[in-house]
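Residues per chain, in single letters:
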Amino acid sequence: QVQLVESGGGLVQPGGSLRLSCAASGSIFSISTMGWYRQAPGKERELVARITRAGNTDYVDSVKGRFTISRDNAKNTVYLQMNTLKPEDAAVYYCHMIDSSELYNFNYWGQGTQVTVSS
């Protein structure tokens, strides 16, 4: 079993920055894709950004140019640097990892961290 522990959420003013971290621990095979999702009240969970083991990245259009996803494979940790935050970025942010064995892919989720953007 793999556990994901997130940190870095909080309250920030519009235009501010936050950095989220998510570290995996436990019986890990090889984590392939790492990503961040978010869910605002009354809305569906959406993919914000993801990064492959090779470092290829995808972003939802609304965060391109403002958010940067990165990872440290040695630490099984993924980061999300969020700059120029807007009120519409407020949500619970969840990290997601795919742990791949030879035969199976296992999906793991963090517990969620609240990001509030308000003056």
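The structure this text deals with has already been given above.
What you are looking at is a predicted structure, and each value in this text was computed from that prediction instead of being measured.

**Q** Where do I start with a nonpolar patch on the surface in this structure?
**A** Together, Phe29, Leu103, Tyr104 and Phe106 make up an exposed nonpolar region whose accessible area comes to about 480 Å². Within the secondary structure layout, Phe29 lies in the loop between β3 (18-26) and β4 (31-39).

**Q** What should I look at first to understand the sheet that holds strand β8 (residues 77-82) in this one?
**A** The pairing of strands in a sheet comes from backbone hydrogen bonds and takes either a parallel or an antiparallel form. Pairing is antiparallel across the open sheet formed by 4 strands, whose spatial order is β1-β3-β8-β7. At either margin of the open sheet sits one strand with a lone partner, and together these are β1 (2-7) and β7 (67-72). Direction aside, the axes of adjacent strands within the sheet are offset by 15° on average. With 6 bridges joining them, β3 and β8 adopt antiparallel strand pairing. Across the sheet, Cys22 pairs through a bridge with Val78, a residue of β8.

**Q** What is the right way to read the packing of aromatic side chains from this model?
**A** Any two aromatic rings considered together are summarised by their centre-to-centre distance and by the angle between their planes. Counted under the stated rule, the structure contains 3 aromatic pairs. Summarising the aromatic geometry, the rings of Phe29 and Phe106 are spaced 5.9 Å apart at their centres and angled 15° between planes, so their arrangement reads as stacked. Of this pair, Phe29 sits in the loop between β3 and β4 while Phe106 is found in strand β10 (residues 105-109), placing the two residues 77 residues apart along the sequence. Ring geometry for Tyr37 and Trp109: centres 4.9 Å apart, planes at 65°, overall edge-to-face. Within this pair, whereas Tyr37 is found in strand β4, its partner Trp109 is found in strand β10, the two being separated by 72 residues in sequence.

**Q** Looking at this structure, how should I read the pattern of salt bridges?
**A** As a working rule, side chains carrying opposite charge can pair if their charged atoms are close by. As enumerated under the stated definition, the model contains 5 salt bridges in all. With a shortest N-O distance of 3.2 Å, Asp58 and Arg50 are connected by a salt bridge. Look at Asp58 and you get partly exposed, because its relative accessible area is 40%. With a relative accessible area of 37%, Arg50 lands in the partly exposed category. A salt bridge links Asp61 to Lys64; the shortest N-O distance between them is 2.9 Å.

**Q** Got a minute to help me understand the nonpolar core in this structure?
**A** Taken as a class, soluble globular proteins show a tendency for nonpolar side chains to be buried jointly. Ranked by internal contacts, the top residues of the largest apolar core, which has 28 residues, are Trp36, Val78, Leu80, Met82 and Tyr93. Elements represented by at least two residues in this core include exactly β1, β3, β4, β5 (46-51), β7, β8, β9 (91-100) and β11 (113-117).

Quick notes on the rules
Within every chain, residues take consecutive numbers counted from 1 along the sequence as written. In keeping with the predicted nature of the model, local features appear solely for residues at pLDDT of at least 70, side-chain atom pairs appear and are counted solely at 80 or more, and the whole-chain, interface and lining totals rest on all residues. Excluding hydrogens and water, the side-chain values take into account all heavy atoms of the structure. What goes into a patch is any residue over 30% in relative accessible area without a salt bridge, connected to like charges within 9 Å or, for nonpolar side chains (Val, Leu, Ile, Met, Phe, Trp, Tyr), within 5 Å. Here the open area of atoms and residues is found with the Shrake-Rupley method and a 1.4 Å probe, where only the protein chains shown may cover a residue. Here, a salt bridge means any Lys or Arg side-chain nitrogen found within 4 Å of an Asp or Glu carboxyl oxygen. Runs of E in the DSSP output that reach at least two residues are strands. Runs of H or I that reach at least four are helices, and both are numbered from the N terminus. We treat two strands as partners when DSSP finds at least two bridges between them. Angles run from 0 to 180 degrees between N-to-C directions of axes, and those axes are lines fitted to C-alpha atoms, restricted for helices to the stretch in contact. Whether two aromatic rings pair depends on their centres lying within 6.5 Å, for rings of Phe, Tyr and Trp, where Trp uses its six-membered ring; planes under 30 degrees apart make the pair stacked, over 60 edge-to-face, and the rest tilted. Only protein chains enter the calculation, and the probe is 1.4 Å; a residue is then buried if its accessible area is under 20% of its type maximum, exposed if over 50%, and partly exposed in between. Here, nonpolar core means buried Ala, Val, Leu, Ile, Met, Phe, Trp, Tyr and Cys residues that are tied together by side-chain atoms lying within 4.5 Å of each other.

Just distances and angles here, no functional claims.
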